[in-house]
Amino acid sequence: MQTFELILFLLAAVIASSILDKFLPRVSLPLVQVALGAVIAAAVATPLEWGIDPELLLILFIAPLHFNETRHVDSGALWKNRWGIASLSVGLVFAIVIACGATLHALVPAIPLAAACALGAAMGSTDAVAVTALTHDRRFGSRHEALLKGEALFNDVTGTVIFQCCVTLLATGAFSLVHAGEEFALDLFGGFTGGLVMGVLAWGLLELIRRTGLDTPTLHVMLELLLPFVIYLTAKSLHIGAVIAVVAAGLVISLLPQRHTVATARTKLQAAGVWQTLEFVLNGIIFVILGMQLPRLLAPAAEGSLGNPAALLGVVAVLTVVLEGVRFLWLLAMDALAAARAGRAAASCLTAQALRGTLAVAFAGAKGGITLSLMLTLTAAGALSAADRSMLVSVASGMIVLTLVLADFAVPALVPSKRSAARSRDRVDAEVVLILEVIASIRADAPFTGAVRAGEEASAGAPATIDEPATVIVMHRYAEILEDLAPAASAAAAARARAEIARVGDLYDRMDALSRAAAQWDGETEDDEAGEGPVGAGPSDADAAGGLTGYFQALRATYEAVEDVQSQALARELQLIKQMREAGVIDAAHAKELRNDVYIQQLTLD
């Protein structure tokens, strides 16, 4: 019962954080969730107050989120930048271990060098959950984006192996380079190979079920949800890298050929919705849990039991600067090499715009659940005193918070959002024209039913006002798109959009007023039938019953007609997109994006 209450408590916290996020537009949702978790932990006693099992954190959150990330990652871009990703996943992690370990040992000589390097190894693991959540809407260059995603997916292997070697050195005082190499090879290459095999087997199972006619959207989604856990547990039982096996299996499944039919398209659409909801919930819970751990982990530092709190805060700040500085210099060197291979001068990487992009990628490598889960295992290191363990965990927690804050505030200041970057004024104006044409076609095709009065009866020869309810509802849907486009459009296009929004809004409000009046009439009629109203007040029972029957029949017919009108509007939208592409108003890439949006809506209707 206590576990069930905890689950409900965490879900409620995620919902509350999404509401709070609406009132804090300048703060990202993950940071809101971390702060909310810290407040909850300080105010309410929960089972998580005494910590969380690191292995449970990996299998319950990291495995499914990594698996889902491989569904969206550009595998071609990963392969194209494979050497750069390998450099970040191996070379940069070693550089961070050496730099942070040496710095911490110099600042606090009481901390053994092996323990300090263990902290550096934990900090070398960029958290894919944090990276995706904090930077998914930022527009990095295509190369930088591939490097960032690839690093987040693969570099935890290097950090974990180095961390384990440091802990072993602390416990035994001995270090074997051969043994460490074997562990690294088994985790990386064994996990990758095992993941490839399990991915092929999983793909074969899904295809077999599909070909035998047993596949349904529900069964397919359930199998997809189960796969990351099965793959993770199988890899753990084989003593190979479990997280890397999940990533490799996900990549294989996304790369192997899939049948493209209407049924599979609907299944993918349903699976995407389920995974989107699951990703939101798991991301939210992991950040709330991270926040709930912080008061417990930072309490010794705040109370002064680990020494001067200001000095400890200075250690956290210095180590964070070292961490981000090493990342920036490593990325800058990689950019210079890439420029040289492309035939450009290395000085091109030193322009203001190039430096801003490189610095943004450096700050985007936030730390999160993986770093915390590794540091929590330090309790097993018997060679460390309780004070040293508390200090290391507190320093790591402080660095996690600082990297999250930097990713939240510095990255948006350095690079634009994908939405603002993709929506150039010309593109937005073209979309405004498209939506206006669609609304005009809906208006032209709609019959004048008289169901929604927009003024007096039209005089002879005057154009009738379009007021058919299903038409108005669909027009209002497109008007909402215009509301979204208008702020980024040119002055002329925005004026046209707002004028159309006002016209459609007036019709929609009149229809809404009619619905409210009918509902009020329904209530008054029920009162009359119950004998609560005076005899002769309002319409007769027969008239009321007949009027209500006709109204509800019309209402039912209206909502059945909405899908038909929407379907016709989408078909017309595809025609207009083709015409605008042929006229050169929009380019091929823009036309493809618009068509894909229409196809998704058509699948939803079907």
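Residues numbered from 1 in each chain as written. Predicted model: local features only at pLDDT ≥ 70, side-chain atom pairs only at ≥ 80, totals over all residues. Heavy atoms only, no water.

(A) View of the overall build of the chain. From N to C terminus, the chain includes 23 helices and zero strands. Looking at the chain as a whole, 46% of its 606 residues qualify as buried. Once local pairs closer than 6 in sequence are excluded, the contacts in the chain between residues at least 24 apart make up 82%. Accessible area for the chain stands at about 29,200 Å²; split by element, carbon and sulfur atoms hold 64% of it. (Helix = DSSP H or I, 4+ residues; strand = E, 2+ residues; numbered from the N terminus. Buried < 20%, exposed > 50% of the residue type's maximum accessible area, 1.4 Å probe, protein only. Contact = heavy atoms within 4.5 Å. Areas by Shrake-Rupley, 256 points an atom, 1.4 Å probe, with all protein chains shown as cover.)

(B) Up close: helix α14 (residues 309–341). The terminal C-alpha atoms of α14, which comprises 33 residues, lie 48 Å apart, in line with the 48 Å expected from a rise of 1.5 Å per residue. One or two steps after α14, the chain reaches G343, where phi turns positive at roughly 85°. (Expected span 1.5 Å × (residues − 1).)

(C) Geometry of the packing of helix α6 (residues 113–124) against helix α17 (residues 386–414). At a closest axis distance of 11 Å, the pairing of α6 and α17 adopts a crossing angle of 25°. In terms of axis orientation, α6 runs roughly parallel to α17. The way α6 lies across α17 gives a crossing that is right-handed. Residues A115, L119 and M123 of α6 form the contact with α17, whose participating residues are L392, V395, A396, M399 and I400. (Axes fitted to C-alpha atoms, helices over the stretch in contact; angles between N-to-C directions. Parallel < 35°, antiparallel > 145°, perpendicular 65-115°, else oblique. Left-handed = near helix turned anticlockwise from the far one by under 90°.)

(D) Up close: the packing of aromatic side chains. Here the structure, examined in full by the defined rule, presents one aromatic pair. Measuring from centroid to centroid gives 6.0 Å for F67 and W275, while their planes differ by 40°, and the two rings are tilted. Linking F67 in helix α3 (residues 54–72) with W275 in helix α13 (residues 262–303), this pair joins segments that are 208 residues apart in sequence. Just above the ring of W79 sits the side chain of R82; from NZ or CZ to the centre is 4.2 Å. (Phe/Tyr/Trp six-rings, centres within 6.5 Å; stacked < 30°, edge-to-face > 60°. Lys NZ or Arg CZ within 6 Å of the ring centre and 35° of its normal.)

(E) Structural context of helix α15 (residues 352–364). Here α15 contains 13 residues, and its C-alpha end-to-end distance of 18 Å stays within 8% of the 18 Å for a straight helix at 1.5 Å per residue. Where α15 is concerned, the buried positions are G357, T358, A360, V361, A362, F363 and A364.

(F) Up close: the side chain of E573. Within the secondary structure, E573 is located in helix α22 (residues 541–582). There is no salt bridge for the buried E573, and the closest opposite charge comes from R572, which lies 10 Å off by N-O distance. The contact partners of E573, leaving out residues within four places of it in the chain, are L434, I435, V438, Y478 and V598. (Lys, Arg positive; Asp, Glu negative; His and termini not counted. Salt bridge = Lys/Arg side-chain N within 4 Å of Asp/Glu carboxyl O.)

(G) Molecular detail of the pattern of salt bridges. Under the criterion given, the structure shown has eight salt bridges. When the shortest N-O distance is used, the salt bridge between D335 and R143 registers 2.6 Å. In this pair, D335 sits in helix α14 while R143 sits in helix α8 (residues 142–154), placing the two residues 192 residues apart along the sequence. Note that E151 is salt-bridged to R327, the shortest N-O span being 2.7 Å. In this pair, E151 sits in helix α8 while R327 sits in helix α14, placing the two residues 176 residues apart along the sequence. The exposure classification of E151 matches that of R327, with both residues buried. Here the salt bridges do not stand alone but share partners, grouping E207, R210 and R211 into one network.

(H) Structural detail: a nonpolar patch on the surface. A grouping of I15, I19, L20, F23 and L24 is seen on the molecular surface, where their side chains present a nonpolar patch of about 510 Å² in accessible area. You can see I15 is positioned in helix α1 (residues 2–23). With a relative accessible area of 51%, I15 lands in the exposed category. (Patch = residues over 30% accessible without salt bridge, like charges linked within 9 Å, V, L, I, M, F, W, Y side chains within 5 Å.)

(I) Structural view of the nonpolar core. Counting 127 residues, the largest nonpolar core has L104, L119, F163 and V395 as the members making the most contacts within it. With 12 residues, the top contributor of residues to this core is α14. In this view, F163 contacts A118, A121, A122, L374, M375, T377 and L378; residues no more than four positions away in its chain are not counted. Of all hydrophobic cores here, the second largest spans 35 residues; its members include V428, L436, I442 and Y478. (Core = buried A, V, L, I, M, F, W, Y, C linked by side-chain atoms within 4.5 Å.)

(J) Representation of the packing of helix α5 (residues 82–107) against α8. Viewed as axis vectors pointing N to C, α5 and α8 meet at an angle of 45°, and their least axial separation amounts to 8 Å. Taken together, the axis directions place α5 and α8 in an arrangement best described as oblique. Remark: the crossing between α5 and α8 carries right-handed chirality. Counting all contacts with α5, which are made through G84, I85, L88, S89 and L92, the residues of α8 involved are A146, L147, G150, E151 and F154.

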